[in-house]
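What the coordinates show
Each chain, written out:
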Amino acid sequence: MSEINLDDGTIKVDGEWLSAEQISEQIQEKMQSGDMKFSALASALETLKTAMEDTRTLEIKLVLPEKDYEKLLAAGGTQDERQCIRKAVEAFIRDPEPAAKTGMAPAPGASRKHPSVRCARCGCRIEITSTRRPLEVECPECGTTGVVKAAAKTESRQDEPSAD
Ligand SMILES: [Zn+2]
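In short, a report on the structure. Predicted, not measured: the structure shown is a model, and the values here were computed from it. (Residues numbered from 1 in each chain as written. Predicted model: local features only at pLDDT ≥ 70, side-chain atom pairs only at ≥ 80, totals over all residues.)

**Quick look at the packing of helix H3 (residues 66–76) against helix H4 (residues 81–94)**
One can describe the packing of H3 onto H4 by two numbers: an axis separation of 9 Å at closest approach and a directional angle of 80 degrees. It follows that H3 is roughly perpendicular to H4 by the angle criterion. Listed contacts from H4 to Leu72, Leu73, Ala75 and Gly76 of H3 are Glu81, Gln83, Cys84, Lys87 and Ala88. For the contact of H3 with H4, the residue count by class is five nonpolar, two polar and two charged. (Axes fitted to C-alpha atoms, helices over the stretch in contact; angles between N-to-C directions. Helix = DSSP H or I, 4+ residues; strand = E, 2+ residues; numbered from the N terminus. Parallel < 35°, antiparallel > 145°, perpendicular 65-115°, else oblique. Contact = placed C-beta atoms within 7 Å. Nonpolar A, V, L, I, M, F, W, Y, C, P; charged D, E, K, R; others polar.)

**A few points about helix H1 (residues 20–32)**
For H1, spanning 13 residues, the distance from its first C-alpha to its last is 18 Å, which sits close to the expected 18 Å at 1.5 Å a residue. Phi turns positive, to about 80 degrees, at Gly34, one or two residues after H1. (Expected span 1.5 Å × (residues − 1).)

**Here's the deal with the sheet that holds strand E1 (residues 4–5)**
Strands sit in the order E1-E2-E3 across an open sheet of three strands; the sheet is antiparallel. This sheet does not close on itself; its edge strands, each paired only once, are E1 and strand E3 (16–19). Direction of pairing for strand E2 (residues 10–13) relative to E3: antiparallel, over a ladder of four bridges. Bridge assignment links Val13 to a residue of E3, and that residue is Glu16. In the packing of H1 onto the sheet, the strands contacted are E2 and E3, and the crossing angle to E3 comes to about 95 degrees. Strands E1 and E2 of the sheet are contacted by helix H2 (residues 39–53), whose axis makes an angle of about 150 degrees with E2. (Pairing = 2+ DSSP bridges.)

**A closer look at the environment of Gln83**
Within the element layout of this structure, Gln83 appears in helix H4. By C-beta crowding, Gln83 is classed as partly exposed, having 14 other C-beta atoms within 10 Å. (Buried ≥ 20, exposed ≤ 12 C-beta atoms within 10 Å, placed from the backbone.)

**Quick look at the environment of Gly143**
By secondary structure assignment, the location of Gly143 is in the loop between strand E6 (135–138) and strand E7 (145–148). Owing to 10 C-beta atoms within 10 Å, Gly143 belongs among the exposed residues under this scheme.

**What to know about the nonpolar core**
The nonpolar side chains of a soluble globular protein tend to be buried, and buried together. The biggest cluster of nonpolar side chains holds eight residues, and these are Ile11, Val13, Leu18, Ile23, Leu41, Ala44, Leu45 and Leu48. Contributions of two or more residues to this core are made by E2 and H2. No other element matches the four residues that H2 contributes to this core. (Core = buried A, V, L, I, M, F, W, Y, C linked by C-beta atoms within 7 Å.)

**Concerning the packing of H1 against H2**
Relative to each other, H1 and H2 sit at 160 degrees, their axes nearing to 10 Å. Classified by the interaxial angle, the pair formed by H1 and H2 is roughly antiparallel. The two elements H1 and H2 meet at a crossing, and its hand is left-handed. Of the residues in H2, those touching H1 at Ala20, Ile23, Ser24, Gln26 and Ile27 are Leu41, Ala42, Ala44, Leu45, Leu48 and Lys49. Counted by class, the contact of H1 with H2 contains eight nonpolar, two polar and one charged residues. (Left-handed = near helix turned anticlockwise from the far one by under 90°.)

Written out as C-alpha cells, the structure reads:
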C-alpha cells in the first residue's frame with residue numbers, strides 16, 4: 001500500500017515524498033529525455049490524485065487550556081500538534097469509548113450510561129465510573145468532594161455527596 005501524506009498532498013515514491021506537481025515534472029523530464037520508465041511515477045500520481053479527491057480538509061480553530069494542550073502533546077508522543085490532533089481524531093473515530101479500556105467503566109453488557117450524583121455545593125452532575133462503594137467523588141466544577149455510599153442507579157435516584 002502506498003504511503004500518502006494527506007496533509008501535504010504527497011506520496012512516497014522510492015523513499016522520496018513527492019507532490020503531484022513534482023511527479024508530473026519528473027514524468028515530463030523522463031519523457032523529454034527519452035526515458036520511458038515512468039510507469040511507477042504515473043501510477044503513484046494516479047494513486048495520489050485518487051486519494052486526494054477523497055479527502056476533506058478540516059479548518060478548525062481549537063482553543064485549549066494550556067494544561068489540556070500539554071496533555072494532548074504528551075498523549076500524542078510528539079511535539080507536532082497536528083499529528084497529535086490527527087491521532088486524537090483517529091482514536092475518537094475508531095474507538096469512541098476509550099474509557100471502556102481504562103477499567104473504570106462498567107463491564108461489557110452493563111449500562112453504557114454511568115450513574116451520577118449531583119454536587120451538594122454547585123449542583124453539577126458528577127459521573128460515577130466506579131462500582132466501588134463507598135466511593136469518594138470530586139466535583140469537576142467546584143472541587144467539592146463527597147462520598148457515594150450506596151449504588152446510584154439513575155440521575156433521578158441519587159445519594160447526595162456530602163461536602164467535607
Ligand atoms: Zn460542585
